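# A structural walkthrough
The lines below spell out each chain.
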Number of protein chains: 4
Amino acid sequence: MLTIGEKTFRSRLMLGTGKYPSFAVQKEAVAASETEILTFAVRRMDIFDKDEPNLLEELDLEKYSLLPNTAGAKTAEEAVRIARLARASGLCDMIKVEVIGCDKTLLPDPFETMKASVQLLEEGFTVLTYTSDDVVLAKRLEEAGIHAIMPGASPIGSGRGIINEMNLQFIIEQSEIPVIVDAGIGSPKDAAHAMELGADGVLLNTAVSGAEDPVKMAEAMKLAIQAGRLGYEAGRIEKKEYGIQSSPESGLVT
Amino acid sequence: MLTIGEKTFRSRLMLGTGKYPSFAVQKEAVAASETEILTFAVRRMDIFDKDEPNLLEELDLEKYSLLPNTAGAKTAEEAVRIARLARASGLCDMIKVEVIGCDKTLLPDPFETMKASVQLLEEGFTVLTYTSDDVVLAKRLEEAGIHAIMPGASPIGSGRGIINEMNLQFIIEQSEIPVIVDAGIGSPKDAAHAMELGADGVLLNTAVSGAEDPVKMAEAMKLAIQAGRLGYEAGRIEKKEYGIQSSPESGLVT
Amino acid sequence: MLTIGEKTFRSRLMLGTGKYPSFAVQKEAVAASETEILTFAVRRMDIFDKDEPNLLEELDLEKYSLLPNTAGAKTAEEAVRIARLARASGLCDMIKVEVIGCDKTLLPDPFETMKASVQLLEEGFTVLTYTSDDVVLAKRLEEAGIHAIMPGASPIGSGRGIINEMNLQFIIEQSEIPVIVDAGIGSPKDAAHAMELGADGVLLNTAVSGAEDPVKMAEAMKLAIQAGRLGYEAGRIEKKEYGIQSSPESGLVT
Amino acid sequence: MLTIGEKTFRSRLMLGTGKYPSFAVQKEAVAASETEILTFAVRRMDIFDKDEPNLLEELDLEKYSLLPNTAGAKTAEEAVRIARLARASGLCDMIKVEVIGCDKTLLPDPFETMKASVQLLEEGFTVLTYTSDDVVLAKRLEEAGIHAIMPGASPIGSGRGIINEMNLQFIIEQSEIPVIVDAGIGSPKDAAHAMELGADGVLLNTAVSGAEDPVKMAEAMKLAIQAGRLGYEAGRIEKKEYGIQSSPESGLVT
């Protein structure tokens with residue numbers, strides 16, 4: 001079970017809601033993923049526009065926790081403003097803080113990210129913070145009181161998977177809050193990889209919405225996250241330099 | 001569905017039967033894996049010894065196809081002799097050809113492997129051949145008529161996972177027979193990885209039998225193989241150099 | 001030529017002065033490396049203790065620029081104090097800012113690192129800042145006015161080499177100040193790798209001082225850095241998925 | 001010193017002669033590389049055509065050993081025929097056996113490679129055999145009596161560098177004949193990498209001839225191979241999981 005702030009979830013997959021081919025496909029993919037947490041960019045959803053069809057209206061909101069994010073913010077100030085907008089809409093009081101520091105790579109800004117997180121904590125939000133895989137930055141964010149840390153595997157939407165396994169391991173080892181690997185997941189093995197390292201969950205979007213068959217990929221991700229979690233709990237074998245026979249040497253038929 | 005020779009299987013996981021902590025754990029792990037194919041070293045199972053308890057007796061053999069292997073053979077001659085022994089026992093006529101060429105690394109001998117495969121094909125066996133990830137060797141074995149090719153991810157029992165993704169990709173691209181990635185799988189992400197490359201199945205043993213909790217790991221592997229297969233079928237996103245926003249740029253709330 | 005602040009260097013190798021087996025070996029290794037910049041921990045060199053033999057006294061200081069570092073500092077305040085101590089000794093006014101945020105991994109603290117860098121810039125130092133490979137952090141440090149950015153390849157003394165090539169590439173692409181890859185270099189190939197990415201220099205210590213033969217390794221590093229730089233300037237071939245014949249197809253002898 | 005058959009060389013770089021922008025550039029690159037062994041495709045050099053300008057005529061052949069190769073051969077028979085042609089030309093009696101088994105990947109055929117090597121050994125050639133990185137195949141070729149084994153780092157001309165470090169390590173550990181890493185080298189770090197693993201030499205072509213500045217890249221490769229060799233001899237530090245301070249803890253200035 002994954003606990004963030006005061007809520008508890010059976011699923012360890014958080015699913016983004018951007019760029020699906022259609023609402024119908026998205027709805028089916030969301031169902032196939034068995035996610036309980038949907039994340040969306042506040043700036044990009046017409047959440048107050050009653051004239052437009054809208055995923056959130058299509059879904060049975062009782063079944064999902066909503067995790068609005070501050071995507072599009074380049075400063076703490078913008079992020080805070082977006083978060084307040086999300087809260088005002090009455091949708092939820094969880095927020096994913098995302099403050100981009102570089103338009104080319106979409107990598108996050110450590111200083112503005114910290115500033116926004118601190119401000120939103122003061123305002124009573126449940127704060128999940130998207131960050132690089134900088135180990136000490138993650139530690140400082142945790143010390144500031146955030147509710148979950150969301151280090152990136154690789155740049156948003158890049159599908160490159162986990163580049164620096166070591167940093168994620170260090171972050172997981174040091175953290176007493178949930179670690180949700182966010183950004184860069186490209187395929188099921190990447191999601192399983194994050195979970196095997198001991199992550200508490202995975203957030204992904206493009207890997208599903210951009211797949212040829214998003215519904216099938218959503219199911220694949222659901223299974224991969226379960227597989228990775230079970231693999232973590234089961235305690236994997238150590239890597240060895242040379243081959244080791246899988247059968248005992250004694251009692252050979254000769 | 002996985003078809004090898006004349007048989008068809010729903011599961012794409014082949015499970016080895018070596019070195020489990022106990023028969024009870026093994027039985028439970030086999031069940032959790034939902035495998036339909038069990039592999040065992042002919043030389044190491046007392047298949048004719050009626051006085052000893054034996055996994056094969058414990059299992060409901062109706063439910064499983066047995067894939068005896070020639071582990072322990074260092075020459076084609078030995079491998080052929082072991083295969084004939086397996087057939088004589090009446091257990092099955094499928095055989096996994098495994099001829100080790102190096103005691104230190106347990107890597108296979110290409111020449112003896114080919115020789116044994118050819119001989120056993122002539123004798124009417126359904127032949128699945130364990131090999132290195134040498135691309136042209138795999139092609140030549142296929143041309144010789146084997147029924148499935150089993151390239152190693154890394155040395156037997158090493159748990160190092162897939163070292164040379166490129167070679168496995170090349171083998172999968174060129175093969176018209178099933179490709180079963182065999183040896184070296186260490187964790188669920190490795191199994192998912194093999195399947196995402198387009199492998200038809202995975203064979204593993206130590207990753208499950210040597211895990212702290214073999215039953216849980218067996219379930220993890222089952223899910224990982226399903227996840228990897230679905231991910232392959234779903235068509236993953238391409239890897240990109242820079243970050244790409246997961247939400248559309250238009251219609252922003254400002 | 002490498003230019004940092006107002007100084008220009010022919011060598012692109014900065015060499016640390018810790019943990020050599022003896023002064024004699026160190027002196028010979030320094031010579032073999034042909035470095036022009038020696039870095040040392042202010043807190044760990046008895047720079048005022050006239051009774052102890054001391055590398056700095058042994059060397060012809062006319063030949064070297066000294067780069068004292070703030071190793072051992074865990075806060076900006078400590079780093080600033082150490083830097084002032086270095087300046088007071090009259091040895092130099094360049095300083096390598098190093099503020100560790102985690103005793104276990106020795107990874108740097110982004111906030112204290114920034115704070116110390118800003119303060120020392122205000123005090124007129126030529127500031128070279130050791131940092132993680134966080135891309136936006138590097139950008140912010142450059143915007144703050146530092147004279148060179150020193151991202152780590154992997155943790156100090158780990159010898160793991162470059163873990164996240166992408167981040168180093170991004171930092172190099174965005175930087176208009178020199179990028180010196182610092183920490184984690186384990187062998188010549190790692191140093192060549194950093195230079196091929198377009199780094200302006202490499203700082204290393206343990207890879208030389210901890211080698212079985214530090215003098216020979218110092219020479220190896222010198223050559224590797226030259227090789228990597230030349231390789232960068234020469235413009236390497238692109239990576240290709242499949243093989244490409246190195247000889248023309250036409251005019252074959254048949 | 002590198003000894004192959006009865007010849008000894010100071011340089012550990014073998015340079016291919018295909019696809020340079022011009023003879024002038026090639027000549028200069030060859031000089032910059034300080035190679036002593038030039039390899040060329042017998043089928044692709046008009047070695048008997050007196051009307052065409054020709055690299056071999058341009059060079060001072062006293063300074064170089066020539067290593068003709070059987071590139072273009074797809075069977076042992078073709079390779080043997082090409083080798084005899086090379087010998088008949090009086091150029092040399094060393095031969096690099098290269099028998100390609102796959103047009104798409106240009107990877108070698110293990111069976112035809114072995115057959116050609118054995119035949120040419122019987123005919124008294126000094127045989128250097130290009131092969132995949134299959135460990136037992138390399139062993140069997142050595143047992144057959146070849147004079148040097150040339151495992152590929154990755155496919156010919158791909159510039160992908162060393163994909164399977166483990167296999168090269170195993171081949172180097174087991175070999176008592178020289179190991180020359182051949183094919184796939186893309187940049188100086190790759191060449192250094194091969195040498196650090198303990199290879200006796202490196203053969204490359206496209207990485208130099210296809211570089212933007214082949215002369216500069218030739219020099220880079222020369223230095224990289226020296227650096228890698230020295231690094232191997234110097235005994236590198238072990239990789240460590242966590243950071244290790246490069247300066248002693250005692251005697252701190254506080």
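How each quantity is defined
- Sequence order sets the numbering: in each chain, residues are counted from 1 along the sequence as written.
- The lettering of chains begins at A and the numbering of ligands begins at 1, in the order of writing.
- The model is predicted, so local features are restricted to residues of pLDDT at least 70 and side-chain atom pairs to those at 80 or more, both for listing and for counting; the totals for chains, interfaces and linings are taken over all residues.
- With hydrogens and water stripped out, all remaining heavy atoms of the structure feed into the side-chain values.
- Going along the chain from the N terminus, every DSSP run of H or I of four or more residues is numbered as a helix, and every run of E of two or more is numbered as a strand.
- Three labels apply to residues, based on accessible area from a 1.4 Å probe with only protein chains included: buried if under 20% of the type maximum, exposed if over 50%, partly exposed otherwise in between.
- The contact criterion used throughout is that any non-hydrogen atoms of two residues lie within 4.5 Å.
- All accessibility values rest on the Shrake-Rupley procedure with a 1.4 Å probe; residue burial counts only the protein chains present in the view.
- In superposing the copies, a least-squares fit is computed on C-alpha atoms, taking residues whose pLDDT is at least 70 in both.
- Throughout this description, the term salt bridge denotes a Lys or Arg side-chain nitrogen within 4 Å of a carboxyl oxygen of Asp or Glu.
- Any pair of nitrogen or oxygen atoms within 3.5 Å is treated as a polar contact; in protein, a donor-acceptor pairing is required on top of that, and neighbouring residues in sequence qualify only through side-chain atoms on both sides.
- Asp, Glu, Lys and Arg are counted as charged, while Ala, Val, Leu, Ile, Met, Phe, Trp, Tyr, Cys and Pro are counted as nonpolar; the rest, among them Gly, fall into the polar class.
- Values labelled buried area give the accessible surface lost by two parts on being combined, using a 1.4 Å probe and summing over both.
- Picture the helix axis, draw a direction to every C-beta atom, and the arc is the one those directions span.
- Any pair of Phe, Tyr and Trp rings, taking the six-membered ring for Trp, is counted once the centres come within 6.5 Å. Such a pair is stacked with planes under 30 degrees apart, edge-to-face with planes over 60 apart, and tilted for the rest.
- Geometrically, a lysine NZ or arginine CZ counts as sitting over a ring once it is within 6 Å of the ring centre and also within 35 degrees of the ring normal.
- UniProt positions are given in the numbering used here, feature names are shortened, and annotations may be inferred rather than shown by experiment.
- A pair of strands is considered paired only if DSSP assigns at least 2 bridges between the two.
- Classification remark: right-handed applies to a crossover when, strands pointing away from the viewer, the course from the first strand over the helix to the second runs clockwise.

## Looking at the overall build of chain A
Helix and strand counts for chain A come out as nine helices and ten strands. Burial status across chain A gives 66% buried among its 254 residues. Across chain A, contacts joining residues at least 24 apart in sequence account for 65% of those joining residues at least 6 apart. For chain A, the computed accessible surface area is about 9200 Å², with 46% contributed by carbon and sulfur atoms.

## Focus: the relation of the copies chain B and chain D
Note on the copies: chain B fits chain D at an RMSD of 0.0 Å, the axial shift is 0.0 Å, and the rotation between them is 180°. Such a combination of turn and shift is consistent with a two-fold rotation axis. When the interface residues of chain B are mapped onto chain D, 100% of them again lie at the interface, so the same face is used by both copies.

## A look at the pattern of salt bridges
Evaluated as defined, the whole model comprises 49 salt bridges over all chains. The shortest N-O distance in the salt bridge between E233 of chain A and K216 of chain B comes to 3.0 Å. Residue E233 of chain A is found in helix α9 (residues 214-234), and its partner K216 of chain B is found in helix α9 (residues 214-234); the two belong to separate chains. A salt bridge links E233 of chain C to R229 of chain C; its shortest N-O distance comes to 3.1 Å. You can see E233 of chain C and its partner R229 of chain C sitting in helix α9 (residues 214-234), four residues apart, about one turn around the helix. For E233 of chain C, a relative accessible area of 38% puts it in the partly exposed group. What emerges from the salt-bridge pattern is a single network uniting K96, E98 and D182 of chain A.

## With respect to the interface of chain C and chain D
At the interface, 66 residues of chain C touch 66 residues of chain D. Across the pair K189 of chain D and E196 of chain C runs a salt bridge whose closest N-O atoms are separated by 3.9 Å. Taken together, chain C and chain D are joined by 20 residue pairs in polar contact (both at pLDDT 80 or more). Ranked by the residues each element gives to the side of chain C that touches chain D, the list is headed by α9 of chain C, at twelve residues. Residue classes in the side of chain C that touches chain D are distributed as 25 nonpolar, 20 polar and 21 charged.

## Thoughts on the relation of the copies chain C and chain D
Superposing chain C onto chain D requires a rotation of 180° together with a translation of 0.0 Å along the rotation axis, leaving an RMSD of 0.0 Å. Comparing interface residues between copies, 100% of those in chain C also lie at the interface in chain D; the contact surface is shared.

## A short note on the environment of K104 of chain A
Within the element layout of this structure, K104 of chain A appears in the loop between β6 (94-97) and α4 (110-122). Note on K104 of chain A: relative accessible area 45%, which makes it partly exposed. Residues K104 of chain A and P155 of chain A, spaced 51 residues apart in sequence, show a C-alpha to C-alpha distance of 9.9 Å. With near-sequence residues (within four places) excluded, K104 of chain A lies in contact with Y242 and G243 of chain B together with E173 of chain C.

## Topic: the interface of chain B and chain D
Each side of the interface is counted separately: chain B has 26 residues, and chain D has 26 residues. For the pair chain B and chain D, the two sides together bury roughly 2200 Å², of which 64% comes from carbon and sulfur. Looking at the side of chain B facing chain D, the largest losses of area belong to F111, V136 and M166 of chain B, adding up to 24% of the total buried there. Across the contact surface, chain B and chain D share four salt bridges. Put simply, D109 of chain D and R140 of chain B hold a salt bridge, and the shortest N to O gap is 2.6 Å. Secondary-structure elements contributing two or more residues to the side of chain B that touches chain D are α4 (110-122), α5 (135-144) and α6 (165-174) of chain B. No other element matches the five residues that α5 of chain B contributes to the side of chain B that touches chain D. Residue composition of the side of chain B that touches chain D, grouped by class: 13 nonpolar, five polar and eight charged.

## Looking at the side chain of E196 of chain A
If you trace the backbone, E196 of chain A turns up in helix α7 (residues 188-196). Engagement of the side chain of E196 of chain A in a polar contact is seen with the side chain of S187 of chain B, the distance being 2.5 Å. Apart from the residues lying within four places of it in its own chain, the contact partners of E196 of chain A are G228 and Y232 of chain A together with S187, P188 and K189 of chain B.

## A few points about helix α1 (residues 23-33) of chain D
Residue and element names in this part refer to chain D. If you check which residues of α1 are buried, you get Q26, A29, V30, A32 and S33. In an axial view of α1, the angular spread of the buried residues amounts to 165°, which keeps them on one side of the axis. Downstream of α1 by one or two residues, E34 has phi in the positive range, about 55°.

## Here's the deal with the packing of aromatic side chains
Applying the stated criterion to the full structure yields two aromatic pairs over all chains. Residue placement shows K96 of chain B over the ring face of Y130 of chain B; its charged tip is 5.4 Å from the ring centre.

## A word on the UniProt feature "active site" (unreviewed entry) in chain A
When the UniProt feature table is mapped onto this chain numbering, "active site" (unreviewed entry) sits at K96 of chain A. The residues touching K96 of chain A, leaving out its near neighbours within four places in the chain, are T39, L67, P68, N69, T70, L128, Y130, M150, D182 and L203 of chain A.

## Re the pairing of strand β8 (residues 148-151) of chain C
Residues and elements named next belong to chain C. With burial as the criterion, each face of β8 is covered, one bearing A148 and M150 and the other bearing I149 and P151. Pairing of strand β7 (residues 126-131) with β8, which is carried by four bridges, proceeds in the parallel orientation. The residue of β8 that forms the bridge with T131 is P151. Where the polypeptide runs from β7 across helix α5 (residues 135-144) and back to β8, its parallel neighbour, the crossover connection is right-handed.

## Quick word on unusual backbone geometry
Comment: phi is negative for the bulk of residues other than glycine, and the bulk of peptide bonds are trans. Positive phi, close to 60°, is recorded for L106 of chain B, a residue that is not glycine. When you line up the elements, L106 of chain B lands in the loop between β6 (94-97) and α4.

## Re the UniProt feature "binding site: 1-deoxy-D-xylulose 5-phosphate" (unreviewed entry) in chain A
The sites that carry the UniProt feature "binding site: 1-deoxy-D-xylulose 5-phosphate" (unreviewed entry) are, in the present numbering, G157, A183, G184, N205 and T206 of chain A. Spatial clustering of the annotated residues is evident: they stretch over 50 residues in sequence, but the largest pairwise C-alpha distance comes to 9.2 Å. Mapping G157 of chain A onto the fold places it in the loop between β8 (148-151) and α6 (165-174). Look past the residues within four positions of G157 of chain A in its chain and what remains in contact with it is G184 and T206 of chain A together with K240 and I244 of chain B. Positionally, T206 of chain A belongs in helix α8 (residues 206-209).

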